[in-house]
Amino acid sequence: MSANTLAHAVSPRVEQRLFRTRPEDALPHTATHHRVYIVPSRRGVAFLFALLLMLIASVNYALSLGYALSFLLTGLFAASLLHTYKNLAGLEVHAIDAESGFCGDAVAFRFALHNSASDTRHGICVRTPHGITPMTAIAAGETATATLSIPARSRGRVRLGRMTLQSNWPVGLWTCWSYLHVPAEAVVYPQPEADAPPLPSTQTEESGDTRVASLDGEIAGVRDYRPGDPLSAIAWKSAAKGAGLHVRTFESSQSPATVELSLHATGHAHLEDQLARLTAWVERAHVSHTEFSLELPGEHHARDRGEHHRLQVLQTLALYGLPE
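The sections below set out a description of the structure shown in this document. (Residues numbered from 1 in each chain as written. Predicted model: local features only at pLDDT ≥ 70, side-chain atom pairs only at ≥ 80, totals over all residues. Heavy atoms only, no water.)

A closer look at the nonpolar core
Working step 1: Ranked by size, the top nonpolar core spans 30 residues in total, and within it Ile96, Phe109, Phe111, Leu113, Met163 and Leu165 carry the most contacts.
Working step 2: Among the elements of the structure, strand S3 (92-99), strand S5 (106-114), strand S6 (121-128), strand S9 (143-151), strand S11 (163-167), strand S12 (174-180) and strand S13 (185-189) are those that each provide at least two residues to this core.
Working step 3: With residues up to four places along the chain from it excluded, the contact list for Leu165 reads Ala31, Leu88, Leu91, Val93, Leu113, Cys125, Val126, Cys176, Trp177 and Ser178.
Working step 4: Counting 21 residues, the second largest nonpolar core, distinct from the first, contains Leu263, Leu275, Leu278 and Leu317. (Core = buried A, V, L, I, M, F, W, Y, C linked by side-chain atoms within 4.5 Å. Buried < 20%, exposed > 50% of the residue type's maximum accessible area, 1.4 Å probe, protein only. Helix = DSSP H or I, 4+ residues; strand = E, 2+ residues; numbered from the N terminus. Contact = heavy atoms within 4.5 Å.)

Quick notes on the pairing of S9
Working step 1: Of the two faces of S9, the one lined by Ala144, Ala146, Leu148 and Ile150 is fully buried and the one lined by Thr143, Thr145, Thr147, Ser149 and Pro151 carries no buried residue.
Working step 2: Here S5 runs beside S9; their pairing, made up of nine bridges, is antiparallel. Its bridge partner being in S9, His114 is matched across the sheet by Thr143. (Pairing = 2+ DSSP bridges.)

Re the layout of surface pockets
Working step 1: Considered as a void within the structure, the second largest pocket measures approximately 220 Å³ in volume.
Working step 2: Every residue lining the second largest pocket is listed: Leu82, His83, Lys86, Asn87, Ala89, Ala117, Ser118, Asp119, Thr120, Arg121 and Trp169.
Working step 3: A total of four residues in the lining of the second largest pocket trace back to one element, the largest contributor, which is helix H3 (residues 64-88).
Working step 4: Considering only residue class, the lining of the second largest pocket consists of four nonpolar, four polar and three charged. (1 Å grid on protein atoms, 1.4 Å probe; cavity = no way out; pocket = protein on both sides within 12 Å on 5 of 7 lines; lining within 4 Å. Points joined across faces, edges and corners; volume = space filled by probe spheres on them. Nonpolar A, V, L, I, M, F, W, Y, C, P; charged D, E, K, R; others polar.)

Description of the pattern of salt bridges
Working step 1: All chains considered together, the criterion is met by 11 salt bridges.
Working step 2: Measuring nitrogen to oxygen at the nearest pair gives 2.7 Å for the salt bridge that ties Arg277 to Glu193. One end of the pair, Arg277, is in helix H5 (residues 271-287); the other, Glu193, is in the loop between S13 and strand S14 (204-207), with 84 residues separating them in the sequence.
Working step 3: Residue classification places Glu193 among the partly exposed positions, given a relative accessible area of 22%. (Salt bridge = Lys/Arg side-chain N within 4 Å of Asp/Glu carboxyl O.)

A look at helix H2 (residues 42-61)
Working step 1: The end-to-end C-alpha separation of H2 is 29 Å, in line with the 28 Å expected for 20 residues at 1.5 Å each.
Working step 2: Buried residues of H2: Gly44, Leu51 and Ser58, and no others. Buried residues of H2, viewed axially, fall in a sector of 40 degrees; they line one side. Turned more than 90 degrees away from the buried face of H2 sit Arg42, Phe49, Asn60 and Tyr61, all of them exposed.
Working step 3: Tucked inside the fold, the buried residues of H2 contact H3.
Working step 4: Taken from the residues just after H2, Ala62 is the one with a positive phi, measuring 55 degrees. (Expected span 1.5 Å × (residues − 1). Arc of directions from axis to C-beta.)

With respect to the packing of aromatic side chains
Working step 1: According to the stated counting rule, one finds seven aromatic pairs in the structure shown.
Working step 2: Their ring planes at 35 degrees and their centres at 4.7 Å tell us that Phe77 and Trp174 sit as a pair that is tilted. Highlighted residues: Phe77 in helix H3 and Trp174 in strand S12, separated in sequence by 97 residues. Across the pair, exposure class does not vary: Phe77 and Trp174 are buried alike.
Working step 3: Put simply, the rings of Tyr37, Trp177 and Tyr179 touch in pairs and so form one group of aromatic residues.
Working step 4: Over the ring of Tyr179 we find Arg162, and its NZ or CZ is 4.0 Å from the ring centre. (Phe/Tyr/Trp six-rings, centres within 6.5 Å; stacked < 30°, edge-to-face > 60°. Lys NZ or Arg CZ within 6 Å of the ring centre and 35° of its normal.)

What to know about the sheet that holds strand S20 (residues 299-304)
The strands making up a sheet associate through hydrogen bonds between their backbones, and the pairing can be parallel or antiparallel.
Working step 1: Strands sit in the order S18-S19-S20 across an open sheet of three strands; the sheet is mixed. The sheet is open, and its two borders are formed by strand S18 (258-262) and S20, each paired with just one other strand. Adjacent strand axes in the sheet meet at a mean angle of 15 degrees, parallel and antiparallel pairs treated alike.
Working step 2: Bridging between strand S19 (residues 291-296) and S20 involves four bridges; their strand directions are antiparallel. For Glu295, the partnering residue across the bridge sits in S20 and is His300. (Axes fitted to C-alpha atoms, helices over the stretch in contact; angles between N-to-C directions.)

Pasting the structure below:
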């Protein structure tokens, strides 16, 4: 094997070991000594520069007290290294919970940090590409939760990315950190349409294979024509424009027992508008305990209700049409 080939084969492994660029870690995770890094902080570098000036002045003017103070502060600088390192080494990340949300709001990641040491850990924070959590103190033998809220600007997946456990306690002269990269993600649902129309009345009277659409209530949307639909329900204006035969759907005075949701039933042409209306309908059906199904190209959720069904449908709407 040539040197270049060996370098290409080893480099990704070295990069992963040092910087955790790929989500290959698993929970629970302990920040062991070979995964903990420590360097002087900006404050520490300034402190060292001040010590150097003090030492030069003491040598130049033969100041015994200057020597004593310089060596004393140098010992403080060295001792703080050990305390900063011990404050982070051995910290355990037990779990990461992702709380999904709607577009325009925020999603949250919660980190369960456990301290198995006999001393309290101070000034622990978690840094990610999306931001940094507030400083957290973790008592001995206890578990604390650090929360990171991320603004949800568009629907889809929000991957946590590489997280950095970080601390500069006690005096901020050293920065200590440990990388952790797990495949954690939250889902951003489409923002529900404001003032969405009532649920489409897909409750039907069935006789064999014939379906007759209800004509009670206000117009809620349109759907494709089916044999047996009344002529009075056909949207003749859209038919005259060459858009094909469509049937108006109506919202009855009472919520329908079941609802069939689809992109076409929304009456919108733009995908994001369709998903926003479907999201609003899913939330309304869930609140009213109405059974609903969802039919999308390549996706189908059978008629059901409940929190689990709601979350499954919302996730499908959030990821629909997006590349993996």
